[in-house]
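Coordinate analysis (summary)
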Amino acid sequence: MNAVSQVFAVVAAAIHLIVWPLESFLYGHPRVRRLLTGSTADAPEVRLWRVNVGFYNLFLALGLVTGLVLLHTGHPGAGRAMVLYVAAFMVAGGTTLFVSEPKLWRGALGQAVPAAIILLAEAF
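Described in the following lines is the structure provided in the data block. Quick caveat, the model's predicted, so the values are computed rather than measured. (Residues numbered from 1 in each chain as written. Predicted model: local features only at pLDDT ≥ 70, side-chain atom pairs only at ≥ 80, totals over all residues. Heavy atoms only, no water.)

1. A few points about the overall build of the protein
Worth spelling out the cut-off: For helices the rule is a DSSP run of H or I covering at least 4 residues; for strands it is a run of E covering at least 2, with both sets numbered from the N terminus onward. Radius of gyration here uses only the C-alpha atoms, and the compact-globule reference equals 2.2 Å multiplied by the residue count raised to the power 0.38.
When helices and strands are counted, the protein shows five helices and zero strands. Traced from its N-terminal end to its C-terminal end, the protein shows the element sequence α-α-α-α-α. Its C-alpha atoms give the protein a radius of gyration of 15 Å, within 12% of the compact-globule value 14 Å for 124 residues. Overall, the C-alpha framework of the protein stretches about 45 × 25 × 20 Å when taken along its three principal axes.

2. Quick look at the side chain of S24
To keep things clear, this is the line we draw: When checking whether two residues touch, look at their non-hydrogen atoms; a contact exists if any pair is within 4.5 Å.
Following the sequence through the fold, S24 ends up in helix α1 (residues 3-24). Beyond its immediate sequence surroundings of up to four residues, S24 is in contact with R50, V51, G54 and F55.

3. Thoughts on the layout of surface pockets
For clarity, the threshold we go by: Space inside and on the surface of the protein is sampled on a 1 Å grid over the protein atoms alone, with a cavity defined as a set of points where a 1.4 Å probe fits but cannot get out and a pocket as an open set with protein on both sides within 12 Å along at least 5 of 7 lines; lining residues have an atom within 4 Å of a point. Grid points are joined across faces, edges and corners, and a volume is the space filled by probe spheres set on the points.
Counted as a void, the largest pocket has a volume near 840 Å³. Every residue lining the largest pocket is counted, 29 residues in all, and those nearest its centre are E23, L36, R50, L97 and G107.

4. Thoughts on the nonpolar core
General note: in soluble globular proteins, nonpolar side chains tend to be found buried as a group. Short version of the rule: Grouping buried Ala, Val, Leu, Ile, Met, Phe, Trp, Tyr and Cys residues that are joined through side-chain atoms within 4.5 Å yields what is termed a nonpolar core. Relative accessible area decides the class of each residue, using a 1.4 Å probe on protein chains only: under 20% of the type maximum gives buried, over 50% gives exposed, and in between gives partly exposed.
In terms of nonpolar packing, the biggest core is built from 15 residues, with A9, L64, L68, V83, V86, M90 and I118 touching the most fellow members. When contributions to this core are tallied by element, the ones reaching two or more residues are α1, α3 (47-72), α4 (76-100) and α5 (105-123). Here V86 is in contact with L60, G63 and L64, once residues within four sequence places are set aside.

5. Observations concerning the packing of aromatic side chains
The following threshold applies: Working definition: a ring pair exists when centres of Phe, Tyr or Trp rings (six-membered ring for Trp) sit within 6.5 Å. Plane angles under 30 degrees give stacked, over 60 give edge-to-face, the rest tilted.
In this structure the tally under the stated criterion is six aromatic pairs. With 5.7 Å between their ring centres and 75° between their planes, W20 and F55 make a pair best called edge-to-face. One end of the pair, W20, is in helix α1; the other, F55, is in helix α3, with 35 residues separating them in the sequence. Here F25 and F55 contribute two aromatic rings whose centre-to-centre distance is 5.9 Å and whose plane-to-plane angle is 85°, an arrangement assigned as edge-to-face. Remark: F55 occurs in helix α3 and F25 occurs in the loop between α1 and α2 (30-37); sequence separation between them is 30 residues. Owing to a relative accessible area of 52%, F25 belongs among the exposed residues under this scheme. One aromatic cluster is present, built from ring pairs that chain together W20, F25, F55 and F59.

6. Concerning the side chain of Q6
Among the structural elements, Q6 can be located in helix α1. Leave out the neighbours within four places in its chain, and Q6 touches M1, L68, L71 and H72.

7. Regarding a nonpolar patch on the surface
Applied cut-off: Patch membership is restricted to residues that have no salt bridge and whose relative accessible area is over 30%. Joining uses 9 Å for like charges and 5 Å for the nonpolar side chains Val, Leu, Ile, Met, Phe, Trp and Tyr. Accessible surface area values rest on a Shrake-Rupley calculation with a 1.4 Å probe, where residue burial reflects the displayed protein chains alone. Salt bridge, as used here: a side-chain nitrogen of Lys or Arg that lies within 4 Å of a carboxyl oxygen of Asp or Glu.
A surface patch of nonpolar side chains, amounting to about 470 Å² of accessible area, comprises F98, V99, W105, L109 and V113. When residues of the nonpolar patch are traced back to their parent elements, those giving at least two are α4 and α5. Considering each element in turn, the nonpolar patch owes the most residues, three residues, to α5. Considering the arrangement of structural elements, one finds V113 in helix α5. Residue V113 is classed as partly exposed on the basis of its relative accessible area, which comes to 38%.

8. Topic: the packing of α4 against α5
This is how it is decided: Lines fitted to C-alpha atoms define the axes, with helix axes restricted to the stretch in contact, and inter-axis angles between N-to-C directions lie between 0 and 180 degrees. In a left-handed crossing the near helix is turned counterclockwise from the far helix by less than a right angle, and in a right-handed crossing that turn is clockwise. Gly counts as polar in this scheme, as do all residues outside two lists: the nonpolar Ala, Val, Leu, Ile, Met, Phe, Trp, Tyr, Cys and Pro, and the charged Asp, Glu, Lys and Arg.
α5 packs onto α4 with a crossing angle of 145° between their chain directions and a minimal axis gap of 8 Å. Between α4 and α5 lies a crossing whose hand is left-handed. Between α4, through R80, V83, L84, A87, A88, M90, V91, G93, G94, L97 and F98, and α5, the contact on the second element is made entirely by W105, G107, A108, Q111, A112, A115, A116, I118, L119 and E122. Residue classes in the contact of α4 with α5 are distributed as 15 nonpolar, four polar and two charged.

Everything listed is a geometric property; what it means functionally is a separate question.
Structure below.
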């Protein structure tokens, strides 16, 4: 994998690692809700969903990290496949988020753009 792909894999992993505790543990704070949803309105009925989505982000980040570790420890094919799969998954997730709720475009971009750069950098 080229350097651009690897740098953006780290960027994408970092974004997902940052979002994980915000969604899973800190969503009760109005500032966090504003950052994630654009609103300070509380929605306690979505707590379980938020925790699940937060951990989903953690697992995506760990997938990229695992791919990078494999890439640099003698398993370049497996590492590249892992990074590309997780990146494609992130692009699809970001696209789905935007299509389903356009007002969350910032979150959709944060999820999809670094991953799209990985895919584009690997395509050329």
